[in-house]
Structures are given as C-alpha cells and as structure tokens.
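Chain by chain, the residues run as shown.
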Amino acid sequence: MSTIFDNIITGVWPGRFVWADDVCVAFATIEPTSPGHVLVVPRTAYDAWTDAPSDVAAHLMTVARTIGLAQKAAFGVPRAGLAIAGFEVPHTHLHVIPLRDETDILLSKAAPASDEELDSAITALREALLSAGHGRHVPPSMGSSALA
C-alpha cells in the first residue's frame, strides 16, 4: 500500500520540493510550524526511522543538516530544529524546522499555510540551497522530485 508520501514523490499528488537525490527527497509540509518547515523523506518507505538501514538513516540526517543550514541563511533564524515522530504517516520523515524560538519545534502548533506562503518560503529555501552550492540536488522545478 502506498503512503501519502509515495504519492507526493511520484507526482500523483502535488508537492513543493527543495531536495532530490537517489535516497531521499525534501518537500514542504502543508501544515508548517514556521515558514520553511520541510520534511526529509526516503524514497523507500520505512514505517519508522529506526526501521531504515543505518546508511539510509545517516544520509537522511546529513540532508536534514544541509537543509537546516540553508534555513538559517534563508530565514535569518538562530537555529534549525529536527523532529522525528511519524505517527501521522507510516513512512519515515524528518521534520526540519526553522526556529525563531523553542515553540516552533512543537508539531502540535502546525497549521495550514496558504499557497502563496508555501511558495514564498520554498523559493527562498531553494535559493539558499543553490547559493550554498547544492544545485545538483535542487530539482529543476519546485513541483517535481526528479533528479537534476
């Protein structure tokens, strides 16, 4: 059975992508806790992050760190946070969240964002990743998980 994330990755449902490689993708959550909140998701579905092979888990963390650094640059925040819960979708995903303060990490405060807010934040994050030299991993189109 495919997950909502499988459908986003394959283009069945729309997504706003900032990262794509052979192992994972990163895209905006439609209910961010702060602007620029993205999910790092492996292309292969693992129910829990602890089910992923060690090399996949390590790669997800490396990508999350790279995105966190870009979030700090794009949004001028002092920290980038990381949360792994996974109750809402049975497909491993890391929440990478620009943090202005400690409350931004609270997934319970997530709220729907407008298309304009999401597009603006993801455009800024894509530009920060490009500026940091990660162009080969920023998909050519915001709406595609295709490899560059």
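Position numbers for residues count from 1 along each chain, tracking the sequence in the order it is written. In view of the model being predicted, local features appear only for residues whose pLDDT reaches at least 70, and side-chain atom pairs are presented and counted only at 80 or more, with totals across whole chains, interfaces and linings using the full set of residues. Hydrogen atoms and water are omitted, and side-chain values are computed over all heavy atoms in the structure.

Novice: Whenever I open this one, the packing of helix α2 (residues 54–75) against helix α3 (residues 115–131) confuses me. Can you help?
Specialist: Any two packed helices are characterised by how steeply their axes cross, that is the angle between the axes, and by the distance between the axes. Interhelical geometry of α2 versus α3 gives an angle of 115° and a closest axis separation of 8 Å. It follows from the interaxial angle that α2 and α3 lie roughly perpendicular. Handedness of the α2/α3 crossing: right-handed. Across the interface between the two elements, Thr66, Ile67, Ala70, Gln71, Ala74 and Phe75 from α2 touch Ala121, Ala124, Leu125, Ala128 and Leu129 from α3. Three categories are distinguished: nonpolar for Ala, Val, Leu, Ile, Met, Phe, Trp, Tyr, Cys and Pro, charged for Asp, Glu, Lys and Arg, and polar for the others, with Gly belonging to the last. Residues belonging to the contact of α2 with α3 are distributed by class as follows: 9 nonpolar, 2 polar and no charged. To define axes, lines are fitted to C-alpha atoms, for helices over the stretch in contact only, and angles between the resulting N-to-C directions are given on a 0 to 180 degree scale. The secondary structure listing takes helices from DSSP runs of H or I that are at least 4 residues long and strands from runs of E that are at least 2 residues long, numbered from the N terminus. Roughly parallel refers to an angle under 35 degrees, roughly antiparallel to one over 145, roughly perpendicular to one between 65 and 115, and oblique to any angle outside these ranges. Crossing handedness is defined as follows: a turn of the near helix away from the far one that is anticlockwise and smaller than a right angle gives a left-handed crossing, while the clockwise case is right-handed. By the convention used here, residues are in contact when the closest approach between their heavy atoms is within 4.5 Å.

Novice: I keep staring at the side chain of Asp104 and nothing clicks. Help me out?
Specialist: Relative to the elements of secondary structure, Asp104 occurs in the loop between β5 (94–99) and α3. Accessibility here uses a 1.4 Å probe with only protein chains present; expressed as a share of the type maximum, an area under 20% marks a residue as buried, one over 50% as exposed, and anything in between as partly exposed. Taking the relative accessible area as the measure of exposure, Asp104 reaches 0% and is therefore buried. The contact partners of Asp104, leaving out residues within four places of it in the chain, are Thr33, Ser34, Ile97, Pro98, Leu99 and Lys109.

Novice: Help me understand the UniProt feature "active site" (unreviewed entry) in the chain in this model?
Specialist: UniProt positions are given in the numbering used here, feature names are shortened, and annotations may be inferred rather than shown by experiment. The UniProt record marks His93 with the feature "active site" (unreviewed entry), using the residue numbering of this structure. Note on placement: His93 falls in the loop between β4 (79–83) and β5. The residues contacting His93, other than those within four sequence positions of it, are Phe5, Leu39, Val40, Val41, Ala83, Ile84, Gly86 and Glu88. A polar atom in the side chain of His93 sits 2.8 Å from the side chain of Glu88. For the purposes of these results, a polar contact is taken to be a pair of N or O atoms within 3.5 Å, where, inside protein, one atom must be able to donate a hydrogen and its partner to accept one; residues adjacent in sequence count only when each atom of the pair is a side-chain atom.

Novice: What is the right way to look at the layout of surface pockets in this model?
Specialist: Both site types are read off a 1 Å grid over the protein atoms alone. A 1.4 Å probe that fits but cannot get out defines a cavity, while an open set with protein on both sides within 12 Å along at least five of seven lines defines a pocket; lining residues have an atom within 4 Å of a point. Grid points are joined across faces, edges and corners, and a volume is the space filled by probe spheres set on the points. In this structure, the largest pocket spans a volume of roughly 440 Å³. Sorting elements by how many residues they give to the lining of the largest pocket places helix α1 (residues 4–9) first, with 3 residues. Residue composition of the lining of the largest pocket, grouped by class: 12 nonpolar, 5 polar and 3 charged. Its boundaries defined by the atoms lining it, the second largest pocket holds a volume of some 190 Å³. Contributing to the lining of the second largest pocket are 15 residues, with Pro32, Ser34, Pro35, Ala113 and Glu117 lying nearest its centre. Residue contributions to the lining of the second largest pocket peak at 4 residues, all from α3. Its residues assigned to classes, the lining of the second largest pocket comprises 9 nonpolar, 5 polar and 1 charged.

Novice: Honestly, α3 in this entry has me stumped. Any pointers?
Specialist: Each full turn of the α-helix corresponds to 3.6 residues, which orients residues three or four apart in the same direction. Take the number of residues in a helix, subtract one, and multiply by 1.5 Å to get its expected span. Compared with the 24 Å implied by 1.5 Å per residue over 17 residues, the 24 Å span of α3 between its first and last C-alpha is a close match. Looking at the packing, one finds that the buried side of α3 touches β1 (17–20), β2 (24–28), β3 (38–42) and α2. Just beyond α3, the residue with positive phi is Gly133, at close to 90°.

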